[in-house]
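Residue-level listing of the chains:
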Amino acid sequence: MQSGCHIPKRRRLFARPNIGRKPGSAAGTEGGAGRNVSQTSRIGDWNAAVQRMWEGGEHEALPVEEMWEVFLWEHSPTRSCPIKVLMNACHLAGLVLARYLAAAEDPDCSSLAHYFGESSRLALHEKVAPKDFTLRQLRDTVQNVQILWDGEGAVANPGTRPVLDACFHRFGELASVPHPLSVMNDGDSIEDFGCNSRLNNVPGERCID
């Protein structure tokens, strides 16, 4: 499954929960050293469904709002990671969600200049659409928005959310489909499978199978 504007239109799934809620306020939240087994099991079930979709199976309707809840609020991003996996439950929930959205939604074909304007410091690669980003361009763009979050007004810019949505979508696609090294041009983040590469997420996928 490749990204591109020619993909038949599907229902928009990018629903979000109340992002103003404080982390830890939901039932079933991780404690400081605890581990919510039922949440991790749900992530595993979602991952299996997403993998079937990327392997050519039919579209499976997953609870996107619940997936956002689990990713944003029900696991801590600062929790320690197992040595053999290097991802915690928050990372895994976000990875599965990104891969699902990339499989289920059409990519945004707009460039950064469309949202930010060509002269904006937020438009680091202004003429490139996030759907066409290389891995390095994706990393640069997200980090640039973070750096300029307050000083350049990214937090109040109406273009910030669709740009980050598109970056999240591209991340899910790069994590699911092998690409040439000219696209996967960040050697520390990829696994090399001969002439094709993809993001280094295989151990994480295995741990929630």
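Residues numbered from 1 in each chain as written. Predicted model: local features only at pLDDT ≥ 70, side-chain atom pairs only at ≥ 80, totals over all residues. Heavy atoms only, no water.

Chemist: Give a detailed account of the pattern of salt bridges, specifying residues and quantitative values.
Modeler: Using the criterion set out here, one finds 6 salt bridges in the structure. A salt bridge links Arg-42 to Glu-66; the nearest nitrogen and oxygen atoms lie 1.6 Å apart. On the criterion of sequence distance, the pair formed by Arg-42 in helix α1 (residues 37–54) and Glu-66 in helix α2 (residues 64–73) is long-range, its members being 24 residues apart. The class of Glu-66 is partly exposed, set by a relative accessible area of 29%. Two residues, Arg-170 and Glu-173, come together in a salt bridge whose shortest N-O distance is 2.7 Å. Taken together, the positions of Arg-170 and Glu-173, both in helix α6 (residues 160–174) and 3 residues apart, correspond to about one turn of that helix. Using a relative accessible area of 5% as the deciding quantity, one classes Arg-170 as buried. Overall, the relative accessible area of 1% leaves Glu-173 in the buried class. Each of the salt bridges in this network shares a partner with another, and the network as a whole consists of Arg-42, Glu-66 and Glu-74. (Salt bridge = Lys/Arg side-chain N within 4 Å of Asp/Glu carboxyl O. Helix = DSSP H or I, 4+ residues; strand = E, 2+ residues; numbered from the N terminus. Buried < 20%, exposed > 50% of the residue type's maximum accessible area, 1.4 Å probe, protein only.)

Chemist: Which residues make up α2, and what values do they have?
Modeler: Most of α2 sits out of view: 7 of its 10 residues are buried. All buried positions along α2 are accounted for by Val-64, Met-67, Trp-68, Glu-69, Val-70, Phe-71 and Trp-73.

Chemist: So what's going on with the confidence of the model for the protein? Which residues, and what values?
Modeler: Should the pLDDT be low somewhere, the predicted coordinates at that spot are not to be read in detail. Across the protein, pLDDT averages 76, with 69% of residues at or above 70. Counting interchain partners and residues more than four positions distant, the pLDDT-below-50 stretch residues 1–37 has 84 contacts. Here residues 201–209 scores under 50 on pLDDT; set against residues more than four positions off or in separate chains, the count is 25 contacts. (pLDDT = per-residue confidence, 0-100. Contact = heavy atoms within 4.5 Å.)

Chemist: Mind laying out the environment of Glu-74, listing which residues take part and the relevant values?
Modeler: Structurally, Glu-74 is set in the loop between α2 and α3 (89–104). Residue Glu-74 is classed as buried on the basis of its relative accessible area, which comes to 8%.

Chemist: So what's going on with the packing of α3 against α6? Which residues, and what values?
Modeler: Two packed helices can be described by the angle between their axes and the distance between those axes. It is the contact of α3 with α6, at a shortest axis distance of 7 Å, that shows an interaxial angle of 95°. Accordingly, the angle class assigned to the pair α3 and α6 is roughly perpendicular. Residues Gly-94, Leu-95, Leu-97, Ala-98, Arg-99, Leu-101 and Ala-102 of α3 lie in contact with α6, whose contacting residues are Phe-168, His-169, Phe-171, Gly-172 and Glu-173. Taken together, the residues of the contact of α3 with α6 sort by class into 7 nonpolar, 3 polar and 2 charged. (Axes fitted to C-alpha atoms, helices over the stretch in contact; angles between N-to-C directions. Parallel < 35°, antiparallel > 145°, perpendicular 65-115°, else oblique. Nonpolar A, V, L, I, M, F, W, Y, C, P; charged D, E, K, R; others polar.)

Chemist: Can you break down the side chain of Ser-176 residue by residue, with the values?
Modeler: Tracing the chain through its elements places Ser-176 in the loop between α6 and β1 (190–193). Since its relative accessible area comes to 12%, Ser-176 is described here as buried. Separated by 2.8 Å, the side chain of Ser-176 and the backbone oxygen of Gly-172 make a polar contact. (Polar contact = N/O pair within 3.5 Å; in protein donor to acceptor, adjacent residues only side chain to side chain.)

Chemist: Summarise the environment of Pro-130; cite the residues concerned and give the values.
Modeler: The residue Pro-130 is located in the loop between α4 (112–116) and α5 (135–147) in this model. By relative accessible area, Pro-130 is classed as buried at 3%. For the pair Pro-130 and Ala-166, spaced 36 residues apart in sequence, the C-alpha separation works out to 5.9 Å.

Chemist: Before we move on, can you summarise the environment of Ala-113 with the specific residues and values?
Modeler: Turning to its location among the elements, Ala-113 is positioned in helix α4. In sequence terms Ala-113 and Leu-124 are 11 residues apart; their C-alpha atoms lie 9.0 Å from each other. Apart from residues lying up to four places away in sequence, Ala-113 is in contact with Glu-118, Ala-123 and Glu-126.

Chemist: Pulling in residues and values, what's your account of the nonpolar core?
Modeler: Counting residues in hydrophobic clusters, the biggest one holds 28 residues, and the most contacted among them are Leu-97 and Tyr-100. Among the secondary structure elements, those contributing two or more residues to this core are α1, α2 and α3. For this core, the leading source of residues is α3, giving 12 residues. Counting 15 residues, the second largest nonpolar core, distinct from the first, contains Phe-116, Leu-138, Val-163 and Cys-167. (Core = buried A, V, L, I, M, F, W, Y, C linked by side-chain atoms within 4.5 Å.)

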